[in-house]
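Chain by chain, the residues:
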Amino acid sequence: MNKSNVVIGSVLFVYLAFVVSQFSNHYYYATIFDALILPLITVAYFLSNKKKTILFIIFLLAYSISDLMVFIVDYIPYEVYYYVGNGLYIIAYSALLIKALKTLSFIQILKNFKLHILVLIALNIYIAYVLQVIVNPYVAMTNEYFVEIVYNIIMLLLLSASLLSYFYKDDKKSLFMFLGSMSIVFSEVIGVAYIYVAQQNLLNFLCTTLTVLAFYFFCKQAKFNYEEVGQLVD
């Protein structure tokens, strides 16, 4: 049997185990299974894809290592867990952001998508504001507060860059990149609601499911090449 198929089967099993554990209120096991899903997807990617790019590898590894830190959270100081874990997520999203930005011609983007850029700026400011309003009562004006701001900015820039890349490229690779980024942002917003507003099973289920969906889209885009773009005209 193909090794990648075995790993994919393991991903499905662990995901189902997470769902069952979450809705049966076995939160410890749900956390363990949740932490294993994305590293297993990363292993499946390495086994099934011969063509790999350094930025996407950085994203997969940084995100997976941060998820796996849940297994050592009881053995390290909270500050180490928080800053290293979130730092790895920021590195992961930054790698994808750079990957998306490399596809853009900024002269053409500024020339042809002025209105799109203005709408994206307004949307990003609104989402960032909402996230900070949710977090503010729980995070004092410390280094953690600024980590949250940087985290949200990088995440929203990724969404904007991937959407502009899709407008500019209009191909399958950029579409899957945008769908993955959008799923990640929705997952993060729901995750914030789950952590700080209401720890409901459905919210955590949606958060994890959207993240898994995002990884599917990201791995899917890795199989395609960007198509050449002709000169855009007004």
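Look above for the structure.
Here the structure is a predicted model, which means the values were calculated and not measured.

Visitor: Account for the layout of surface pockets, naming residues and giving values.
Guide: Computed from the structure, the largest pocket encloses a volume of approximately 1200 Å³. The wall of the largest pocket is formed by 37 residues, among which Asp 67, Tyr 81, Tyr 89, Gly 191 and Ile 195 lie closest to the centre. Only helix H2 (27-48), helix H3 (54-68), helix H4 (78-101), helix H7 (143-169), helix H8 (172-196) and helix H9 (201-221) provide two or more residues apiece to the lining of the largest pocket. Of the residues that constitute the lining of the largest pocket, the class distribution is 20 nonpolar, 12 polar and 5 charged. The space that makes up the second largest pocket amounts to roughly 490 Å³. Considering the residues around the second largest pocket, the lining is formed by 17 residues, among which Ile 8, Ile 41, Phe 215, Tyr 216 and Cys 219 are closest to the centre. Those elements that provide at least two residues to the lining of the second largest pocket are helix H1 (3-23), H2 and H9. If one sorts the elements of the lining of the second largest pocket by residue count, H9 sits on top with 7 residues. Of the residues assigned to the lining of the second largest pocket, the class counts are 12 nonpolar, 3 polar and 2 charged.

Visitor: Pulling in residues and values, what's your account of the nonpolar core?
Guide: Of all hydrophobic cores here, the largest spans 57 residues; its most connected members are Ile 37, Ile 41, Phe 56, Phe 59, Tyr 63, Tyr 93 and Phe 218. Only H1, H2, H3, H4, helix H6 (114-135), H7, H8 and H9 provide two or more residues apiece to this core. The element best represented in this core is H7, accounting for 11 residues. When near neighbours in sequence (up to four residues on either side) are disregarded, Tyr 93 contacts Phe 59, Tyr 63, Tyr 151, Ile 154, Met 155, Leu 158, Ile 184 and Glu 188. Ranked by size, the runner-up nonpolar core spans 6 residues in total, among them Ala 193, Tyr 194, Cys 207 and Leu 210.

Visitor: Quick one: what's the story with unusual backbone geometry, residue by residue and with numbers?
Guide: Despite not being glycine, Asn 25 has its phi angle at roughly 65°, a positive value. By the secondary structure assignment, Asn 25 is in the loop between H1 and H2. Asn 25 gets classed as partly exposed once you look at its relative accessible area, which sits at 44%. Even without being glycine, Asp 170 reaches a positive phi, approximately 55°. By the secondary structure assignment, Asp 170 is in the loop between H7 and H8.

Visitor: Lay out the packing of aromatic side chains with the relevant residues and their values.
Guide: Summed over the entire model, instances satisfying the criterion amount to 20 aromatic pairs. Taking 5.8 Å as the distance between ring centres and 85° as the angle between the ring planes, the aromatic pair formed by Tyr 93 and Tyr 151 counts as edge-to-face. In this pair, Tyr 93 is assigned in helix H4 and Tyr 151 in helix H7, connecting sequence segments 58 residues apart. The structure contains a cluster of three or more aromatic residues connected by ring pairs, namely Tyr 45, Phe 46, Phe 56, Phe 59, Tyr 63, Tyr 89, Tyr 93, Tyr 151, Phe 215 and Phe 218.

So, how was this worked out
- Throughout this description, residue numbers start from 1 for each chain and increase along the sequence as written.
- Under the rules for a predicted model, residues below a pLDDT of 70 receive no local features and side-chain atom pairs below 80 are neither given nor counted, while totals for whole chains, interfaces and linings still include all residues.
- Note that the side-chain values use all heavy atoms of the structure and ignore hydrogens as well as water.
- For each structure, a 1 Å grid was placed over the protein atoms alone; sets of points admitting a 1.4 Å probe that cannot get out are labelled cavities, open sets with protein on both sides within 12 Å along at least five of seven lines are labelled pockets, and lining residues have an atom within 4 Å of a point.
- Grid points are joined across faces, edges and corners, and a volume is the space filled by probe spheres set on the points.
- For helices the rule is a DSSP run of H or I covering at least 4 residues; for strands it is a run of E covering at least 2, with both sets numbered from the N terminus onward.
- The classification used treats Ala, Val, Leu, Ile, Met, Phe, Trp, Tyr, Cys and Pro as nonpolar, Asp, Glu, Lys and Arg as charged, and all other residues, Gly among them, as polar.
- The definition of a nonpolar core used throughout is a set of buried Ala, Val, Leu, Ile, Met, Phe, Trp, Tyr and Cys residues joined through side-chain atoms within 4.5 Å.
- Relative accessible area decides the class of each residue, using a 1.4 Å probe on protein chains only: under 20% of the type maximum gives buried, over 50% gives exposed, and in between gives partly exposed.
- A contact between two residues is defined here by any heavy atoms of the two lying within 4.5 Å.
- Note on ring pairs: Phe, Tyr and Trp rings are taken, using the six-membered ring of Trp, and paired if centres are within 6.5 Å. Classes follow the plane angle, with under 30 degrees stacked, over 60 edge-to-face and the rest tilted.

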